[in-house]
Amino acid sequence: MRSHKRRRKRPGRARRVSRTARTRARRLPATCPRVESARAPAPALPAPRGRQRSLFGLSGRQLSDRRRPGSVPGRARALGVLPAASMESGEEALLLARRQKLERMRQRGQNPFANDLDARDRTLVAELRAKFAKALLDPAELRYDAERVASLAAEERFHVCGRLMARRGFGKASFFRLRDRSGEIQLFAKQDVMGEAFAALEDVDLADHVEVRGRAMVTKTGELSLELAELRVLSKAMRGLPDKWHGMTDADLRYRRRYVDFVATPEAAAVIRARGIIVQGLRDFLDGEGFLEVETPTLGTLVGGATARPFATHHNALDLPLFLRVAPELYLKRLLVGGFERVYEIGRCYRNEGISTRHNPEFTLLEFYQAYATYDVLMHATERLFRHVDAFLSERLERLGFATDVRRWHAARTFTLAEPFARVPMRESVARSLERASLTTEVLDRLEALAFDQKTKSAAHADADGWVALWRTRSPRANSVDWSNLRRALAGCGSAGERLFVAYEYLAEPFLAEDYRSADGSKSLPVFIIDYPAEVSPLARRKDADPTLVDRFELFIDGRELCNAFSELNDPADQEARFLHQVELKQKGNAETMDYDADYILALEHGMPPAAGFGLGVDRFVMALTGQPSIRDVIAFPLMRPEE
RNA sequence: GGGUCGAUAGCUCAGUCGGUUAGAGCAGCGGAUUUUUAAUCCGUUGGUCCUGGGUUCGAGUCCCAGUCGACCCA
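Below you will find a few notes about this structure. Source: prediction; values computed, not measured.

1. Comments concerning the overall build of chain A
Looking only at helices and strands, chain A features 25 helices and 20 strands. Out of the 644 residues belonging to chain A, those deemed buried represent 48%. Accessible surface computed for chain A: about 32,100 Å², of which carbon and sulfur atoms make up 53%.

Given below as structure tokens:
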């Protein structure tokens with residue numbers, strides 16, 4: 001019977017939902033047991049081979065048993081009353097041990113999943129520490145003075161709830177470490193204090209949720225502790241915690257079992273905590289500027305607001321094909337038409353594109369729109385917003401007792417928000433980077449001739465290969481440019497504007513963090529790239545001085561794009577022409593385009609005030625402020641290919 | 001798409017030139033211990049060495065293919 005109990009570790013699937021993976025799944029032969037068991041409810045089938053990773057404390061075998069009502073072996077096993085001889089692995093043994101303790105508790109009349117907790121007099125660990133702050137001798141090591149603690153609260157009994165994180169037994173005494181949402185504190189259990197209750201500690205396991213009562217005291221090493229009078233299990237954990245020292249390091253496991261990761265990896269939890277505060281900080285800033293938070297549709301019949309490939313779905317009752325939104329932009333601007341001068345939305349958007357350290361299929365976007373403002377106004381607002389949220393985050397975390405997280409993130413930061421952000425027109429940023437690569441503007445002058453068509457395997461100009469070979473020798477930077485992809489991308493361009501944009505992406509963007517530095521050169525400087533080509537900005541207003549460009553900026557921090565903003569196009573005729581261009585591109589086979597939105601044109605015809613709009617990738621913003629290298633680290637549950 | 005490295009107990013990891021019955025720490029279980037904090041000490045359970053082929057008297061180890069992961073390149 002061991003045959004189905006296969007190795008469960010790292011059965012992981014591709015991070016990327018690749019085409020090959022999908023076709024592989026479809027190509028599974030009909031005889032594959034995995035496919036059969038997934039389709040057929042037939043109870044006679046063996047347990048599905050792949051579905052062995054335990055769920056809710058039950059093995060795959062038990063799960064399949066559970067699908068059969070009245071299945072005695074499954075229930076008996078789940079209750080832990082089958083003999084140890086039926087154990088199939090070390091994991092089973094660990095579960096069994098805990099089930100037996102659970103049964104002992106029930107036999108004693110204790111509910112291992114208590115439902116009668118009264119936490120009105122509960123004290124948080126942080127509150128406890130605050131109460132004894134005056135007795136703190138060494139803040140770094142959290143050492144306390146015993147006499148001062150005693151005089152501050154000699155007989156007061158504290159009620160604390162949390163999860164048990166560590167245990168050290170000494171026969172007639174025991175130390176525990178308890179964690180609640182605010183921090184951790186040591187518990188000291190002594191037989192002569194607890195009496196008979198001490199014996200029941202044998203049924204307590206690491207990871208259990210407990211409530212304790214006891215007085216505060218200081219051990220001889222100076223650690224503030226609760227001397228227990230009582231300890232009661234509130235919720236029995238059927239599984240323990242990962243290695244107490246190394247924690248959980250397998251990346252796949254961490255993202256799949258995020259609930260364990262957050263317990264075992266304090267940094268992972270700190271990032272999610274920071275994220276909540278950052279979003280609060282964004283609201284705090286915008287509310288202070290008189291913006292109204294609104295909600296707009298995430299389901300629609302058209303794709304608009306960004307050039308991106310959408311997720312398609314279907315409404316049954318209306319028999320209507322629908323798309324999940326790629327951006328809220330067009331609805332927020334309809335609200336401008338409707339008289340709301342300052343609106344914002346923080347919401348989930350969905351783009352059916354690749355997954356990377358900077359992309360998750362669903363992500364959070366902040367967009368705000370301000371009537372009677374220009375993109376220049378928004379650049380100032382962006383700087384204030386970033387500094388406000390950063391300070392807000394630090395202040396809140398310090399108040400919550402997580403100052404060390406703030407200090408750690410600040411120390412590791414490779415950029416600064418303290419100095420004015422750089423502002424560079426796109427063309428200038430390319431020219432500057434070329435200069436640093438000893439290439440001057442000759443590259444910019446030959447963009448069209450550089451194009452290399454992947455299909456025909458031919459260059460637009462016969463000498464192009466030679467130019468590149470020569471340029472590569474000019475400097476290390478010139479050599480590190482991704483020339484082949486640049487030339488491929490140029491071949492797909494239909495206008496000078498698109499070529500400039502491509503040139504910027506390959507020649508300037510990868511070097512932004514090097515080219516724009518703080519006054520002392522020690523940090524990278526956030527940089528606004530401004531004045532984008534109109535061809536790549538279908539919703540932005542043209543520059544009065546140069547109609548081939550638009551009043552638009554993107555903000556880059558450490559070379560990563562965080563913001564996109566522009567003065568809004570409110571001329572319905574111009575907008576109509578831009579939509580038509582998008583439709584043209586779609587007909588040529590480009591999947592990342594917008595649809596023609598007739599109702600939006602109609603709205604513009606009713607008069608949209610001059611306005612500027614702003615978008616911020618909230619996930620990337622959190623990455624920047626907390627120094628996380630992957631977007632998966634700032635999302636509580638990033639998308640994973642499901643386990644089989 | 002290509003390259004490099006990796007997958008061994010619930011967790012974190014060793015495993016020599018291919019050679020006895022695959023090891024350690026943590027967690028678990030049994031015992032000792034009333035001030036530890038990665039507690040300590042004694043004993044102990046737990047493994048389809050990612051999957052499938054192959055080479056071999058013999059494979060965790062070598063070869064081939066595949067799956068998945070990390071990093072780098074395009």
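Moving on from the coordinates now.
2. What about the sheet that holds strand 14 (residues 422–425)?
One open sheet holds the 8 strands; their spatial order is 8-12-13-20-19-18-17-14, and the pairing between them is mixed. Of all the strands in the sheet, just strand 8 (292–293) and strand 14 have a single pairing partner and so form its edges. Contacts between helix 15 (residues 426–436) and the sheet are confined to strand 14 and strand 17 (527–533), with strand 14 contributing the most and set at about 95° to the helix.

3. Some words on unusual backbone geometry
With a phi angle near 60°, S438 is a residue other than glycine that sits in the positive phi range. Its place among the elements puts S438 in the loop between helix 15 and helix 16 (442–445). We note that D531 has phi near 65°; this positive angle belongs to a residue other than glycine. The topology assignment puts D531 in strand 17.

4. A closer look at the environment of R129
In this structure, R129 sits in helix 6 (residues 125–131). On a C-alpha basis, the gap between R129 and L142 in space is 9.4 Å, while along the polypeptide they are 13 residues apart. Not counting residues up to four positions away in its chain, the partners in contact with R129 are L142, Y144, E184, I185 and L224.

5. Quick notes on the packing of aromatic side chains
Enumeration according to the criterion identifies 15 aromatic pairs in this entry. Ring plane angle 65° and centroid distance 6.1 Å describe the contact between F579 and Y600, whose orientation is recorded as edge-to-face. Note that F579 is positioned in helix 23 (residues 572–587) and Y600 in helix 24 (residues 598–605), a separation of 21 residues in sequence. Under the relative-accessibility criterion, Y600 is labelled buried at 1%. Directly above the aromatic system of F402 lies the positively charged group of R273, at a separation of 3.6 Å from the ring centroid.

Rules used throughout
- Throughout, residues of each chain are indexed from 1 in the direction in which the sequence is written.
- Note on labels: chains are lettered from A, ligands numbered from 1, in written order.
- In keeping with the model being predicted, local features are shown solely for residues with a pLDDT of at least 70 and side-chain atom pairs are shown and tallied solely at 80 or more, while totals for entire chains, interfaces and linings include all residues.
- Water and hydrogen atoms play no part in the side-chain values, which are based on all heavy atoms of the structure.
- Only DSSP runs of H or I covering at least 4 residues are called helices, and only runs of E covering at least 2 are called strands; the numbering of each starts at the N terminus.
- Relative accessibility thresholds used throughout: buried, under 20% of the residue-type maximum; exposed, over 50%; partly exposed, between the two (1.4 Å probe, protein chains only).
- The method behind every accessible area is Shrake-Rupley, applied with a 1.4 Å probe, and residues are considered shielded solely by the protein chains displayed.
- At least two bridges found by DSSP between two strands are what make those strands a pair.
- It only takes one pair of heavy atoms within 4.5 Å for two residues to be counted as in contact.
- Lines fitted to C-alpha atoms define the axes, with helix axes restricted to the stretch in contact, and inter-axis angles between N-to-C directions lie between 0 and 180 degrees.
- Between rings of Phe, Tyr and Trp, where Trp is taken as its six-membered ring, a pair exists when centres lie within 6.5 Å; planes separated by under 30 degrees are stacked, by over 60 edge-to-face, and by other angles tilted.
- For a lysine, the NZ atom is tested; for an arginine, the CZ atom; a charge sits over a ring if that atom is within 6 Å of the ring centre and within 35 degrees of the ring normal.

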